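# Inside the fold
In case you want the letters, here they are:
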Amino acid sequence: MKKLLLHVCCGPCSPYVLQMLRGDFQVSGFFYNPNIQPGREYEFRRLEVARLAEKLAWPVVYAPYDMREWFAAVRGLEHEPERGRRCAVCFRFRLEKAFRHAREHGFDAVASTLSISPYKATAQINEQGLALAREYGIEFLAENFKKRDGWRAAREQAAALGVRHQEYCGCAFSKAERLLRLRK
Ligand code: SF4
C-alpha cells in the first residue's frame, strides 16, 4: 500500500477525510499550521487533533509553530480578503512543509484536509499542491473532499466524535474579517 502524508488543518476536517483515504493508502497525519492565531487557539486545535488521533489510532506528526515565518511569508497581503492572494501563499507555505517531510521520510504521496471546507477555494489549494508535486517529484492528491455532500458528512462525523467546529479560518486577518461581518 502506498504511504500518504495527509496535511491536517484541524480536528473537525480530519475524520471524514481520513476515512475516505484509509482504504487506499497507509495514511499518516501532518499538523503544520502556523497560520492559526492567537496561540491559545492554535493549542486548542492541535490538542483536538491529538485527541482524535488517539481515538482513531492514527499516527500524526506535529511540526513546530513557526508563526513569525508565516507572517513574513504573507507580508504585504494583510488586507487581502479570504480566498485572495494571501490564502494562496498560506496554502503553499503549509503544504511545502508537508512535501519536505514527505521527501525526508519516504512518502509516496501528499494530500490535505483543506479542501473539505466550503469557505476555501479548492482550485487555489490544488494549484499550490500540484506545483509542489512537480518540484518535489511526489504525487499530490488534487481532491475536492467537500463534493458529494462531503462537508455535511464531515460535520456530522466530527459532531459524533465531540469535536467543535471553528468560528474562523485561522489567521488573525480571517478572525478580524469575521468580526466585521458579524457587526454588519
Ligand atoms: S484566511 Fe485562512 S487560508 Fe487565508 S491566509 Fe488566513 S488562515 Fe490562511
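In what follows, the structure referred to is the one given above.
Figured I'd write up the structure that's included with this text.

Here is what the cut-offs are and how they apply
Residues numbered from 1 in each chain as written. Predicted model: local features only at pLDDT ≥ 70, side-chain atom pairs only at ≥ 80, totals over all residues. Heavy atoms only, no water. Pairing = 2+ DSSP bridges. Helix = DSSP H or I, 4+ residues; strand = E, 2+ residues; numbered from the N terminus. Contact = heavy atoms within 4.5 Å. Axes fitted to C-alpha atoms, helices over the stretch in contact; angles between N-to-C directions. Salt bridge = Lys/Arg side-chain N within 4 Å of Asp/Glu carboxyl O. Buried < 20%, exposed > 50% of the residue type's maximum accessible area, 1.4 Å probe, protein only. Right-handed = clockwise from strand over helix to strand, strands pointing away.

### Here we look at the sheet that holds strand β5 (residues 139–140)
Strands sit in the order β3-β2-β1-β4-β5 across an open sheet of 5 strands; the sheet is parallel. For this open sheet the edge positions go to β3 (60–62) and β5, each flanked by a neighbour on one side alone. Most of the contacts of helix α4 (residues 85–104) go to strand β1 (residues 2–8), to which it runs at about 150 degrees, and overall it touches β1, β2 (25–31), β3, β4 (109–112) and β5.

### Digging into the pattern of salt bridges
Per the stated rule, a full pass over the model turns up 12 salt bridges. A salt bridge links Glu-48 to Arg-51; its shortest N-O distance comes to 3.1 Å. Of this pair, Glu-48 and Arg-51 both sit in helix α2 (residues 39–55), 3 residues apart, which is roughly one turn of that helix. Put simply, Glu-96 and Arg-92 hold a salt bridge, and the shortest N to O gap is 3.5 Å. Pair noted here: Glu-96 and Arg-92 are both in helix α4, with a separation of 4 residues, about one helical turn. Exposure remark for Glu-96: the relative accessible area of 17% places this residue in the buried category. On the basis of relative accessible area, Arg-92 is assigned to the partly exposed category, the value being 24%. The network of salt bridges with shared partners includes Arg-92, Glu-96 and Glu-135.

### Regarding the pairing of β1
One face of the sheet, then the other: side chains in a regular strand alternate in exactly this way. Within β1, 5 of the 7 residues are buried, leaving the element largely enclosed by the surrounding structure. Bridge analysis of β1 against β2 gives 7 bridges, and the strand direction is parallel. Within β2, the residue paired with Lys-2 across the bridge is Phe-25. Handedness of the crossover joining β1 and β2 through helix α1 (residues 14–22) is recorded here as right-handed. Pairing analysis gives 4 bridges linking β1 to β4, with the strands arranged parallel. Pairing of Leu-6 across the sheet is with Ala-111, part of β4.

### What about unusual backbone geometry?
With an omega of -5 degrees, the peptide bond between Gln-37 and Pro-38 qualifies as cis. Among the structural elements, Pro-38 can be located in the loop between β2 and α2. In this model, Ala-57 sits at a positive phi of 50 degrees, which is unusual for a non-glycine residue. Mapped onto the secondary structure, Ala-57 falls in the loop between α2 and β3. Located in the positive-phi region is Arg-148, a residue other than glycine, with phi close to 50 degrees. When you line up the elements, Arg-148 lands in the loop between β5 and α6 (150–160).

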